[in-house]
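One letter stands for each residue in the lines below.
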Amino acid sequence: MSTIGIRAVADLRAETEVEATGPGPLTREPLICIEHLSVLSVAGKRTDVATEADAPRRLPSSAPQRRRMTVNSYLRYPSERPDSVVAALRLMATTDGATVVHCAAGKDRTGVVVAVALDEIGV
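Quick caveat: nothing in here was measured; it's all calculated off a predicted structure. Per chain, the residues get numbers from 1 upward, laid out in the order the sequence is written. With the structure being a predicted model, the display of local features is reserved for residues of pLDDT at least 70 and the display and counting of side-chain atom pairs for 80 or more, all residues being used for whole-chain, interface and lining totals. In computing side-chain values, all of the structure's heavy atoms are included and hydrogens and water are not.

Undergrad: Honestly, the sheet that holds strand β1 (residues 6-11) in this entry has me stumped. Any pointers?
TA: Strand-to-strand pairing in sheets goes through backbone hydrogen bonds, with the strands running parallel or antiparallel. If you trace the three strands from one edge of the open sheet to the other, you get β2-β1-β3, paired in parallel fashion. Edge strands, defined here as strands with exactly one partner in the open sheet, are β2 (33-36) and β3 (98-102). Here the strands of the sheet are splayed against their neighbours by 15° on average, with no regard to which way each runs. When DSSP finds two or more bridges between two strands, those strands count as paired. Only DSSP runs of H or I reaching four residues or more are called helices, and only runs of E reaching two or more are called strands; each is numbered from the N terminus. Sheet analysis places β1 next to β3, joined by five bridges and oriented parallel. Paired with valine 9 across the two strands is valine 100, which belongs to β3. Seen against the sheet, helix α4 (residues 82-94) touches β1, β2 and β3 and runs at an angle of roughly 175° to β1. Each axis is a line fitted through C-alpha atoms, taken for helices only over the stretch in contact, and angles between the N-to-C directions span 0 to 180 degrees. Should any heavy atoms of two residues lie within 4.5 Å, those residues are counted as being in contact.

Undergrad: Sorry if this is basic, but what is going on with the pairing of β2 here?
TA: A regular strand places its side chains so that they alternate between the two faces of the sheet. Across four bridges, β1 lies against β2 in parallel orientation. Along β2, the bridge assignment pairs alanine 8 with cysteine 33. On the question of chirality, the crossover connecting β1 to the parallel β2 by way of helix α1 (residues 15-21) is right-handed. By definition, the crossover connecting two strands over a helix is right-handed if that path, from the first strand to the second, turns clockwise as seen with the strands pointing away from the viewer.

Undergrad: Would you take a moment to explain the pattern of salt bridges for this structure?
TA: Pairs may arise between side chains of opposite charge once their charged atoms sit close together. Salt-bridge detection follows one rule: a side-chain nitrogen of Lys or Arg within 4 Å of a carboxyl oxygen of Asp or Glu. A full pass over the atoms with the stated rule returns five salt bridges. Note that aspartate 83 and arginine 81 form a salt bridge whose closest N and O atoms lie 3.2 Å from each other. Since its relative accessible area comes to 16%, arginine 81 is described here as buried. Notably, a salt bridge pairs aspartate 108 with lysine 107, separated by 2.8 Å at the nearest N-O pair. Between buried and exposed lies partly exposed: a residue is buried under 20% and exposed over 50% of the maximum accessible area for its type, with that area taken using a 1.4 Å probe on protein chains only. Residue class for aspartate 108 comes out buried when judged on its relative accessible area of 17%. Assessed through its relative accessible area of 56%, lysine 107 is described here as exposed.

Undergrad: I would appreciate a short explanation of helix α5 (residues 109-120) in the present structure.
TA: In an α-helix, one full turn covers 3.6 residues, which means residues spaced three or four apart are oriented alike. Expected span, for any helix, means 1.5 Å times one less than how many residues it has. The end-to-end C-alpha distance of α5 is 17 Å, a good match for the 16 Å that twelve residues give at a rise of 1.5 Å each. Within α5, the full set of buried residues consists of Arg109, Thr110, Val112, Val113 and Ala117. Phi turns positive one or two residues past the end of α5, at glycine 122, with a value near 90°.

Right, dumping it as C-alpha cells:
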C-alpha cells in the first residue's frame, strides 16, 4: 500500500468499533501512520454499531424530518469532537503523501470530515 503513496490513516471509529472489528490491514505497513480520531462522543458505548444493535430507532415518516435528523447527527461530529475533526484535517494537510480517511461504514463520519477538508481547499 505504501507504494501507491498512502502515508497516513485517519481512523474515525470509536474504540469500541476498533475492538469489535480490529485495527485494519494498514497497521501492518511500517511506512503508514495510523491515527485513531473518533468523532463520536465517548460517553458510554453509543457508537453507530452499538446504537443499531442496542436500540433500533424508528425513522420519522416525512422526508424533511429524516433530513433534519441526519443533518443534526452530522453537525454533532464537529461540535462534540472538534479535536478529532481538526486532527484529521491536520493529518491530511501535513502528511507527505495520501491520507486514507475512514470510519465503520465510510458514509457518515468519513463524508463529513472529507467534506470539511474539500470545503477548506475551495472545492
